[in-house]
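Structural description and commentary
So the chains spell out like this:
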Amino acid sequence: MRREDREVTNIDEIKQILKDSHVIHSGFRTADYPYVVPTNFGYEFDDDDQLTLYIHGAPVGHKRELIKQDGRMGFEIDDGGPLMVPKDPKQNTPSFAYRSVMGYGDAELIEDSEIKKHALQVILAHETGQKLSEFEVSDKTIEYVGIIKITVKQFTAKAHGGDDPEFN
């Protein structure tokens, strides 16, 4: 990471960034160029702080075809931070505050109905802020929805701004 002063290494801070963010930009491999798709997501950490991400969508489509060919992918998640306006525009230029998590992993298409149900509950809990157990997912939804599980191999986090006294 070029700007080590902005690196976030505390796992609790990283978890907070994920909690506060609601769109993942997933980049999949093609023969020519990356294919990037923004979607909502859910996430969970196991006891060893292994990060797993879930995204959902239609049960058919371009990203699913790309995953069938090669499940290696990259991702970026950020909290959509605000513009930071300098107190003195002659001394500083505007900047953006942000917190982000970026990385890569292996995407797989999930067909197992129990894993699909769990993934949908994780996504709904993240997006609504409610408890995982509060969501009943119908069999019809489970049958129709396409779930992608991303086993994260590596990630970094970064933050900038929000507390800089030179900005409003």
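Whatever comes next refers back to the structure up there.
About the criteria used
Within each chain, residues carry numbers counting from 1 in the order of the written sequence. Since the coordinates come from a predicted model, pLDDT governs what is reported: local features require at least 70, and pairs of side-chain atoms require 80 or more to be given and counted, while whole-chain, interface and lining totals use all residues. Excluding hydrogens and water, the side-chain values take into account all heavy atoms of the structure. Numbering of helices and strands starts at the N terminus; helices are DSSP runs of H or I of at least 4 residues and strands are runs of E of at least 2. Accessible area is worked out with a 1.4 Å probe on protein chains only. A residue is then buried under 20% of its type maximum, exposed over 50%, and partly exposed in between. All accessible areas in this document rest on Shrake-Rupley with a 1.4 Å probe, and a residue is counted as covered only by the protein chains that are shown. Arc, as used here, means the arc of the directions from the helix axis to the C-beta atoms. Each polar contact in these results corresponds to two N or O atoms within 3.5 Å; when the atoms are within protein, one needs to be able to donate a hydrogen and the other to accept it, and residues that are neighboring in sequence are counted only if both atoms are side-chain atoms. We define the nonpolar core as a collection of buried residues of types Ala, Val, Leu, Ile, Met, Phe, Trp, Tyr and Cys that are connected through side-chain atoms lying within 4.5 Å of one another. To estimate how far a helix should extend, the number of its residues minus one is multiplied by 1.5 Å. In this analysis, two residues are considered to be in contact whenever any of their non-hydrogen atoms come within 4.5 Å of each other.

Assigned secondary structure in the protein chain consists of four helices and 10 strands. Ordered by position in the sequence, the α and β elements of the protein chain form the string β-α-β-β-β-β-α-β-β-β-β-α-α-β. Counting all 168 residues of the protein chain, 36% fall into the buried class. If you sum the accessible surface of the protein chain, you get close to 10100 Å²; carbon and sulfur atoms cover 48% of it.

Turning our eyes to something else, we now look at helix 1 (residues 11–20). Ile14, Ile17 and Leu18 are the residues of helix 1 that are buried. Down the axis of helix 1, the buried set is contained in an arc of 95°. They therefore lie on one face. With respect to the buried face of helix 1, the exposed residues turned more than 90 degrees away are Asp12 and Lys19. For helix 1, the capping residue at the N-terminal end is Asn10, with a side-chain oxygen 2.8 Å from the backbone nitrogen of Asp12.

This part is about the nonpolar core. The biggest cluster of nonpolar side chains holds 23 residues, and the ones touching the most others in it are Leu18, Ile24, Phe41, Leu53, Phe75 and Ile150. Contributing elements (two or more residues each) for this core: helix 1, strand 2 (24–28), strand 4 (42–45), strand 5 (51–57), helix 2 (62–69), strand 6 (72–78), strand 9 (98–110) and strand 10 (146–160). The dominant element in this core, judged by the number of residues it contributes, is strand 10, at four residues. Leu120, Val122, Ile123 and Val137 belong to the second-largest nonpolar core, a separate cluster that totals 10 residues.

To continue, consider helix 3 (residues 113–128). Here helix 3 spans 22 Å end to end across 16 residues, near enough to the 22 Å set by a 1.5 Å rise per residue. Those residues of helix 3 not exposed but buried are Lys116, Ala119, Leu120, Gln121, Val122, Ile123, Ala125 and His126. Sitting at the head of helix 3, Asp112 places a side-chain oxygen 3.0 Å from the backbone nitrogen of Glu114. Downstream of helix 3 by one or two residues, Gly129 has phi in the positive range, about 80°.

As a further point, take the side chain of Thr39. Residue placement: Thr39 occurs in strand 3 (residues 35–39). You can call Thr39 buried: its relative accessible area is 14%. Apart from the residues lying within four places of it in its own chain, the contact partners of Thr39 are His22, Val23, Ile24 and Ile55.

In short, the description is geometric, and any link to function would need to be established separately.
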